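Take a look at the letters that make up each chain.
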Amino acid sequence: MSPIVEVDAVCKRFGAVNVLEGVSFQVRAGSVVAIIGRSGSGKSTALRCINGLETIDSGRIRVCEQELTSPRLDLNRLHRDVGIVFQSYNLFPHLTAEENVMLAPRLVLKLAGGEQRDLAARVLSQVGLADKAKAYPSQLSGGQQQRVAIARSLAMKPSLMLFDEITSALDPELTGEVLKVIEGLARDGMSMILVTHEMAFARKVADHLIFMHRGKVWEEGPAAVLDAPQTDELRQFLGNGL
Amino acid sequence: MISLTPEQLLFLLRGFGWTIALSLLAFAGGGALGFVLALARVYAARPVRTVVMLYIKLIQGTPLLILLFLTYFGLPALGLVVEPLPAAALGLSVYVSAYLGEIWRGCLEAVPRTQEEAAACLALNWRQRLIHVILPQAMKIATPPTVGFMVQIVKNTSLASAIGFVEMVRAGQMINNATFRPFIVFVLIAGLYFALCYPLSVWSRRLEGKFDVAHR
């Protein structure tokens, strides 16, 4: 079976800054890949390129059987296959948790009212928030908002989920509840890429780790690479106690 | 009051009615055009954005009185004879569109970019993103300045008296010409304008509170 994500020699420039300099990696279907690295190493940009939020200058990206550099790329179809959760949640503030979750299934998947509500109830209970369906985002804690954002993505039944530093904006005591949800998804066999600063969590949940440095994949391998770093940069990164 | 005959009072009230009607026409016409201008300013291709921006600058830099003269005296010169009401409604609509277009552009842009990004990542198309994600939030931001500007529209309709449209001020001038009681006539008119504008600002404040429920 071909990988669900293939990134091949991707370069990306913002003005004069080379953010990605020939990044290549693959993600097998059903596996969890964690991307780690310092701020500015290009890890979030790499993630955003995978669902077409950023265009690339050269190289090739193939996601869920779609060529991102193809002129015939259907971004809407790509977004149906790939869910993303952001650091800043980006819930719709004028809608309740349930309405946030139901919006895309209603408009894009054209589900009927009853199906929408069943689906919302299912994904909200999957993230442990069945009792918060009627709450507005402003009435929820950061951790709860982030879990609603995950539920909102899951409702579209994506084949791949991207997580962009989703616990970075949370208080330490709230990160646990969000990470638990991701662990659950990993157990269910969801293909995922997480950009994260939670090293212990990455080690625990990821099948494959990618250490990015200066816009390149500097080191990669199973979680064990963290125990025996091959490069000084990764050693320093780990040594800094994060 | 005592010094005005019932006929004169009725005439003034009819003028009051026309002031309301003209305000509504100006708001409807200017709002429809202004909405298109705001969308074009934010989402259209660059050349279109530039043209719209020039239109807005041009209109905002022109006195409303000149716009009314242009529609009432200028259009007939081009072979298009218009009655005072349509001329006033057209001139005011053009004027209002430039201001509402700019106010609403700001409101559209005040909705964080990340909201549209999140909606796009859920596979919503542009129209769906606009209707279900951007506009509900932009409308909340737009309510106070829009209703505030409606007060300006109501007061600016008085300029239509200059092209012979008998709204409240023109009616007052005609009554004054007959009665020579300027003080009572124009205080009465000021009171009627206030009666129209004050509820608008109260309504604006109430709407703000209502929309704000989602953000408490």
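Residues numbered from 1 in each chain as written. Chains lettered and ligands numbered in written order. Predicted model: local features only at pLDDT ≥ 70, side-chain atom pairs only at ≥ 80, totals over all residues. Heavy atoms only, no water.

## Overview of the sheet that holds strand 6 (residues 82-85) of chain A
Residue and element names in this part refer to chain A. With respect to topology, six strands assemble into an open sheet ordered 6-7-8-3-9-10, the strand pairing being mixed. Each end of this open sheet is capped by a strand with a single partner; those strands are strand 6 and strand 10 (216-221). Shown here is a sheet whose adjacent strand axes are inclined to one another by a mean of 20°, direction ignored. (Pairing = 2+ DSSP bridges. Helix = DSSP H or I, 4+ residues; strand = E, 2+ residues; numbered from the N terminus. Axes fitted to C-alpha atoms, helices over the stretch in contact; angles between N-to-C directions.)

## A word on unusual backbone geometry
With a phi close to 50°, K157 of chain A is a non-glycine residue in the positive phi region. Take K157 of chain A: it is sitting in the loop between helix 5 (142-154) and strand 7 (160-164). Classification of K157 of chain A as exposed rests on a relative accessible area of 55%. A positive phi is found at F180 of chain B, a non-glycine position, where the angle reads about 55°. Here F180 of chain B is to be found in the loop between helix 7 (168-179) and helix 8 (182-211). For F180 of chain B, a relative accessible area of 68% translates into the label exposed. (Buried < 20%, exposed > 50% of the residue type's maximum accessible area, 1.4 Å probe, protein only.)

## As for the environment of L91 of chain A
All names here are of chain A. Looking at the secondary structure, you find L91 in the loop between strand 6 and helix 3 (97-107). We classify L91 as buried; its relative accessible area is 6%. Sequence separation of L91 and L140 is 49 residues, and the distance between their C-alpha atoms is 11 Å.

## Comments concerning the packing of helix 4 (residues 113-126) of chain A against helix 5 of chain A
Residues and elements named next belong to chain A. Contact geometry of helix 4 with helix 5 gives a least axis separation of 9 Å together with a crossing angle of 135°. For the element pair helix 4 / helix 5, the angle class is oblique. Note on packing geometry: the crossing formed by helix 4 with helix 5 is right-handed. Residues V123, L124 and Q126 of helix 4 form the contact with helix 5, whose participating residues are V148, A151 and L154. Here the contact of helix 4 with helix 5 is built from residues that sort into five nonpolar, one polar and no charged. (Parallel < 35°, antiparallel > 145°, perpendicular 65-115°, else oblique. Left-handed = near helix turned anticlockwise from the far one by under 90°. Contact = heavy atoms within 4.5 Å. Nonpolar A, V, L, I, M, F, W, Y, C, P; charged D, E, K, R; others polar.)

## Examining the interface of chain A and chain B
Counting from both sides, the interface comprises 26 residues of chain A and, opposite them, 19 residues of chain B. Carbon and sulfur atoms supply 62% of the area buried between chain A and chain B, which totals about 1,900 Å² over both sides. Between R48 of chain A and E117 of chain B there is a salt bridge, and its shortest N-O distance comes to 3.0 Å. Taken together, the links from chain A to chain B amount to six residue pairs in polar contact (both at pLDDT 80 or more). When residues of the side of chain A that touches chain B are traced back to their parent elements, those giving at least two are helix 2 (75-81), strand 6, helix 3 and helix 5 of chain A. (Buried area = accessible area lost by both parts, 1.4 Å probe. Salt bridge = Lys/Arg side-chain N within 4 Å of Asp/Glu carboxyl O. Polar contact = N/O pair within 3.5 Å; in protein donor to acceptor, adjacent residues only side chain to side chain.)

## A short note on the state of the cysteines
Overall, the coordinates contain zero disulfides over all chains when judged by the stated rule. Looking at C49 of chain A, it has no disulfide partner, and the nearest cysteine sulfur is the one in C11 of chain A, 11 Å off. Its sulfur unpaired, C121 of chain B is 13 Å from the next cysteine sulfur, which belongs to C49 of chain A. Look at C121 of chain B and you get buried, because its relative accessible area is 4%. (Disulfide = S-S within 2.5 Å.)

## Quick word on the packing of aromatic side chains
Residues and elements named next belong to chain B. All chains considered together, the criterion is met by eight aromatic pairs over all chains. On the basis of an interplanar angle of 65° and a centroid distance of 4.9 Å, the ring pair of Y72 and F73 is categorised as edge-to-face. Judged by relative accessible area, Y72 falls into the partly exposed class, the value being 22%. Considering the side-chain rings of F194 and Y198, the 5.3 Å spacing of their centres and the 15° angle between planes classify their relative orientation as stacked. (Phe/Tyr/Trp six-rings, centres within 6.5 Å; stacked < 30°, edge-to-face > 60°.)

## Re the pairing of strand 9 (residues 208-213) of chain A
Residue and element names in this part refer to chain A. Burial within strand 9 is extensive, with five of its six residues counted as buried. Here strand 3 (residues 32-37) runs beside strand 9; their pairing, made up of five bridges, is parallel. Bridge assignment links I35 to a residue of strand 9, and that residue is I210. Pairing between strand 9 and strand 10: five bridges, direction antiparallel. In the sheet register, H213 faces strand 10, and the bridge partner there is K216. From the end of strand 9 to the start of strand 10, which pair antiparallel, there are two residues, and R214 there has a positive phi angle of about 50°.

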